[in-house]
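# Analysis of the macromolecular model
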Amino acid sequence: MAKSYEFVTLDVFTDRRFGGNPLAVIADARGLDTATMQALAGEFNLSETTFVLPPDDPRHTAKVRIFTPSAEIGFAGHPNIGTAWMLAAQGRDTHGRLTFEGGSGLVEIDVERDRGELRMCRLMTPKALRLSAAPDAADLAPCAGLEAGDIRQTDVASVGLDCVCAEVAVEVLARAAPDASAFRAVADRWLGPQGRFMLCLYARDGNQLRSRVFGPLYGVTEDPACGSATAALAGLLLERDGAQSNQLVMQMGEEIGRPSVLHTGAQRGDDGVRVWLAGQCVEMTRGTVFL
């Protein structure tokens, strides 16, 4: 007999339907093996799908596994924010706090309410900022259909998932177009035959940012709103500016009809640069998967 699993989809990093980044959440994934989770993520064909499992430590809220259409990843922003929103709507938070066991470590999420209504979910990234060298502009530019002169600076930044960050002028963002074959060629040279990377193109105007994130090697041609890249970028810019803390607003998704707003910030601490990320969500659908 077929077994059924309930799911919810949400639009994440938006306060209106048909904006933000869609997410599917299997609220009780007990009984699903890794191969089936990956197949379901491919079936939903969204940037990510999450699977909620009982935590290893009963003091925590849940274990959350995150899959793109082609790979499992240890950390991402919009899956954690969206999953937290859904569980908080079910009353699963404890005094406004949820703790997820993720592939890159514990993710602490605070839930803000206004007169009982969910207003915002805010997470702390599981790892402190880590920076490393990225391929140069001449290598990366073809991945986005650009010329080397379009890219001002490149870095790899991570707060749980590596992201290649490349600064460009705002007018360059509109004409960028991902090229999967160029991504594969760069990954083969840089990371090896099984390597994958995401590319975040960003333009900055003070504390206001715009970006586009491409990840065709993860099965995501363009991510409407990428929390892991946004959070990593907040830490990167803090290091570059030499400040003690920052607070930024990221605009994403306009180019593909999914306008999104992500709030983020970084601060220096004893264990390095730590980053927070926050946003709103809208529930879109509920349904049942039969397996």
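This text follows the structure it describes.
Described below are features of the structure shown in this document. Nothing here was measured: the structure is a model prediction, and the numbers come from that model. (Residues numbered from 1 in each chain as written. Predicted model: local features only at pLDDT ≥ 70, side-chain atom pairs only at ≥ 80, totals over all residues. Heavy atoms only, no water.)

Let us look at the overall build of the protein. Broken down by element type, the protein carries six helices and 18 strands. The globule rule puts the C-alpha radius of gyration for 291 residues at 19 Å, and the 18 Å found for the protein is close to it. Each principal axis of the C-alpha atoms in the protein carries an extent, and together these give about 55 × 45 × 35 Å. By residue count, 56% of the 291 residues in the protein fall in the buried class. Long-range contacts, defined here as pairs at least 24 residues apart, represent 62% of the contacts in the protein between residues at least 6 apart. Counting only carbon and sulfur atoms, one obtains 47% of the accessible surface of the protein, whose full area is about 12,500 Å². Distance between charge centroids for the protein: 3 Å, based on 28 positive and 37 negative side chains. (Helix = DSSP H or I, 4+ residues; strand = E, 2+ residues; numbered from the N terminus. Rg over C-alpha atoms; globule rule 2.2 N^0.38 Å. Buried < 20%, exposed > 50% of the residue type's maximum accessible area, 1.4 Å probe, protein only. Contact = heavy atoms within 4.5 Å. Areas by Shrake-Rupley, 256 points an atom, 1.4 Å probe, with all protein chains shown as cover. Lys, Arg positive; Asp, Glu negative; His and termini not counted. Charge placed at Lys NZ, Arg CZ, Asp CG, Glu CD.)

For the rest of this paragraph, the subject is the nonpolar core. Counting residues in hydrophobic clusters, the biggest one holds 58 residues, and the most contacted among them are L10, F100 and L233. It is helix α6 (residues 227-241) that contributes the most residues to this core, eight residues altogether. Residue contacts for L10: discarding those within four places in its chain leaves N21, P22, L23, V25, G82, W85, M86, C281, V282, E283 and M284. Counting 26 residues, the second largest nonpolar core, distinct from the first, contains V156, A182, F183 and L199. (Core = buried A, V, L, I, M, F, W, Y, C linked by side-chain atoms within 4.5 Å.)

Here α6 contains 15 residues, and its C-alpha end-to-end distance of 21 Å stays within 8% of the 21 Å for a straight helix at 1.5 Å per residue. Of all 15 residues in α6, twelve are buried; the element is thus mostly enclosed. Residues G227, S228, A229, T230, A231, A232, L233, A234, G235, L236, L237 and L238 constitute the buried set of α6. Positive backbone phi, at 75°, marks G242, one or two positions downstream of α6. (Expected span 1.5 Å × (residues − 1).)

This part is about the packing of aromatic side chains. The geometry of two aromatic rings is summed up by the distance between their centres and the angle between their planes. Per the stated rule, a full pass over the model turns up four aromatic pairs. Geometrically, the ring pair formed by F7 and F44 is edge-to-face, given 5.1 Å between the ring centres and 70° between the ring planes. Of the two residues, F7 is situated in strand β1 (residues 4-12) and F44 in helix α1 (residues 34-44); the sequence distance between them amounts to 37 residues. Using a relative accessible area of 16% as the deciding quantity, one classes F7 as buried. Relative to F197, the ring of W190 has its centre 5.6 Å away and its plane inclined at 75°; by these criteria the two rings are edge-to-face. (Phe/Tyr/Trp six-rings, centres within 6.5 Å; stacked < 30°, edge-to-face > 60°.)

This paragraph deals with unusual backbone geometry. One non-glycine residue, F13, adopts positive backbone phi at about 70°. The topology assignment puts F13 in the loop between β1 and β2 (21-26). If you check the backbone angles, H95 has positive phi at about 55° while not being a glycine. Relative to the helices and strands, H95 resides in the loop between α2 (77-89) and β6 (97-102).

Within the secondary structure, T61 is located in the loop between β3 (48-53) and β4 (62-67). The buried category is assigned to T61, whose relative accessible area is 16%. Contacts of T61, omitting those with residues within four sequence positions, involve P55, L87, R92, R97, L98, T99 and F100.

With that out of the way, let us pick up the pattern of salt bridges. This structure, assessed with the given rule, holds 23 salt bridges. With a shortest N-O distance of 3.0 Å, R258 and D11 are connected by a salt bridge. Within this pair, whereas R258 is found in the loop between β15 (245-252) and β16 (260-269), its partner D11 is found in strand β1, the two being separated by 247 residues in sequence. Summarising the burial analysis for this pair, R258 and D11 share the class buried. For R59, the salt bridge identified is with D57, shortest N-O distance 2.7 Å. The class for R59 is exposed, based on a relative accessible area of 72%. For D57, a relative accessible area of 17% translates into the label buried. Linked by salt bridges that have partners in common, R152, D155, E167 and R240 make up one network. (Salt bridge = Lys/Arg side-chain N within 4 Å of Asp/Glu carboxyl O.)

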